[in-house]
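Here's the letter readout for the chains.
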2 protein chains.
Amino acid sequence: VKEIFSTSNPKIKQWRQLLSLSGRRRHNLFLAEGEHLTIEAIKAKQAKAVIIGKEQLERFFDWQNLDIPVYVVSRQVLNVLTDSKTPQGVLVVCPLPEIPDLHQAGPRLMALNRLQDPGNVGAILRTLDAAAFDGLIIDQGCADPFSPKALRASMGAVFRVPIYVCVSLKEALTVLSGYTIVAGDLCGEPYFDHPDFGLKVCLLVGNEGAGLDEDVLKMAHHRLKLPIPGGAESLNASVAAGLMVYDVICDFSSY
Amino acid sequence: VKEIFSTSNPKIKQWRQLLSLSGRRRHNLFLAEGEHLTIEAIKAKQAKAVIIGKEQLERFFDWQNLDIPVYVVSRQVLNVLTDSKTPQGVLVVCPLPEIPDLHQAGPRLMALNRLQDPGNVGAILRTLDAAAFDGLIIDQGCADPFSPKALRASMGAVFRVPIYVCVSLKEALTVLSGYTIVAGDLCGEPYFDHPDFGLKVCLLVGNEGAGLDEDVLKMAHHRLKLPIPGGAESLNASVAAGLMVYDVICDFSSY
């Protein structure tokens, strides 16, 4: 256990940079805040260091038996390591996972096209984790799943759900062999009338405002619209993704 | 059209207070930001005044033909009327709706118990709007649906979905006569095995961390758990609510 009470300590300066995408990429690390994420990181053997506020030392888990470095820091240091108004008092430093090979992906995938809200990206990862899906494909227009806001929404799913970052979603989809590609599309056919998707499926969810890009939409075997009998024009992206994912695992349409 | 370029103008001082719950209650008004919400408010005849940034005057809809006051303001004034880092340049002032009589409510309702995240409350309103549900019951532990963040997430649903604010959710539920009360509960029975709920249903969703209070849970005819075959402990509240709502309108369990 080491103590750091200065915000100009080199380690603190490095960790602080992990609040930005460029900093995370430069150091190949991310910073997750809160007891839940810290425990998940330790369980997943992804924790490289734990940072605990001096005042929170006793509140938290048995950090004394950890075989990774533990840093005790002042409240001022905690404040610079978070984008939140109410720092939670414990953080964990983790390596950014390597991008796995999409050719080896499991049978149930979701792909996001320019989904910009980090809360949506995080909540969708949480849903995929809950539903035991095999991975999430994201393109470069998506919010970073390792940003503080996305991490908070994902509730530790980043430690369990493989994330396939791609340059072009269209090209990534060409790699998927034997998958039924299903687009959530406000101009599509009634969603729950679809035929069986088979064992391998990739669900597509598009940008919050504009939906899926035309070249991505063209890759889909099915373009389906979730029912909206009421006044709203569309559903929240996480809610729509949740309905699509649970339709796959619960067979809402199979009768 | 009037011009206001000073943040100490009395109208600006009043509107600024609408960013807080106490200010909204004091003035019985709320402030919604963005072109989409402004248009929705005008369509719903709920707009009392429109506020437009001087630089955005030409970008927006035909404000010249509005029969309500339009105020043109400086960028500085826009900045104090928003909690967002990127003000959208147009806002609308609306009256807080009167709380309708729960005895007169329609057949399909959702009730929230201490749901604290304004983004969740807003996204759930949007789902209820999409699904043509008849109203949302919220207790005093819930995030205010008229806060800037909830309004952004609701996408105008506040103008269409009746909101029943209650002191005690348990007491509110006793008012509902002939409704099947269904609790989303992590300790419940498998969700999609439930029998038909009948025509009148009220779905209960609890606090993000703690779930439903025991006294509320006791009011439920069914305690049901959404399937979670994977690693996550629970679903995001908006996603869970979305599955429960769409199960009612699409009969996922009726076969």
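For the structure itself, consult the block above.
Here's a quick rundown of the structure. Remember, it's a predicted structure, so these values are computed and weren't measured experimentally.

### Things to note about the pairing of strand β2 (residues 29-33) of chain B
Then comes step 1: Within β2(B), five of the five residues are buried, which leaves the element mostly enclosed by the surrounding structure.
Then comes step 2: Residues L29(B), L31(B) and E33(B) of β2(B) are buried on one face, and the alternating residues F30(B) and A32(B), pointing to the opposite face, are buried as well.

### Notes on the environment of D67(B)
Then comes step 1: Along the chain, D67(B) turns up in the loop between β3 (49-53) and β4 (70-73).
Then comes step 2: Along the sequence, D67(B) and G178(B) sit 111 residues apart, while their C-alpha atoms lie 44 Å from each other.

### With respect to the sheet that holds strand β5 (residues 90-95) of chain A
Residue and element names in this part refer to chain A.
Then comes step 1: Taken in spatial order, the five strands of this open sheet run β1-β4-β3-β5-β2, and their pairing is mixed. For this open sheet the edge positions go to β1 (2-4) and β2 (29-33), each flanked by a neighbour on one side alone. Neighbour-to-neighbour, the strand axes of this sheet turn through a mean angle of 25 degrees, independent of strand direction.
Then comes step 2: Where β2 lies against β5, five bridges are found, and the strand directions are antiparallel. Within β5, the residue paired with E33 across the bridge is L91.

### Description of the pattern of salt bridges
Residue and element names in this part refer to chain B.
Then comes step 1: Taken as a whole and assessed by the stated rule, the structure comprises twelve salt bridges over all chains.
Then comes step 2: Measuring nitrogen to oxygen at the nearest pair gives 2.7 Å for the salt bridge that ties R75 to E55. Of the two residues, R75 sits in helix α4 (residues 75-80) while E55 sits in the loop between β3 and β4, which places them 20 residues apart along the sequence. Summarising the burial analysis for this pair, R75 and E55 share the class exposed.
Then comes step 3: Residue D213 is joined to R114 by a salt bridge in which the shortest nitrogen-to-oxygen separation is 2.6 Å. Linking D213 in the loop between β10 (201-205) and α8 (214-217) with R114 in the loop between β6 (108-112) and α5 (118-130), this pair joins segments that are 99 residues apart in sequence.
Then comes step 4: The class of D213 is partly exposed, set by a relative accessible area of 23%.

What counts, and where the lines are drawn
Residues numbered from 1 in each chain as written. Chains lettered and ligands numbered in written order. Predicted model: local features only at pLDDT ≥ 70, side-chain atom pairs only at ≥ 80, totals over all residues. Heavy atoms only, no water. Buried < 20%, exposed > 50% of the residue type's maximum accessible area, 1.4 Å probe, protein only. Helix = DSSP H or I, 4+ residues; strand = E, 2+ residues; numbered from the N terminus. Pairing = 2+ DSSP bridges. Axes fitted to C-alpha atoms, helices over the stretch in contact; angles between N-to-C directions. Salt bridge = Lys/Arg side-chain N within 4 Å of Asp/Glu carboxyl O.

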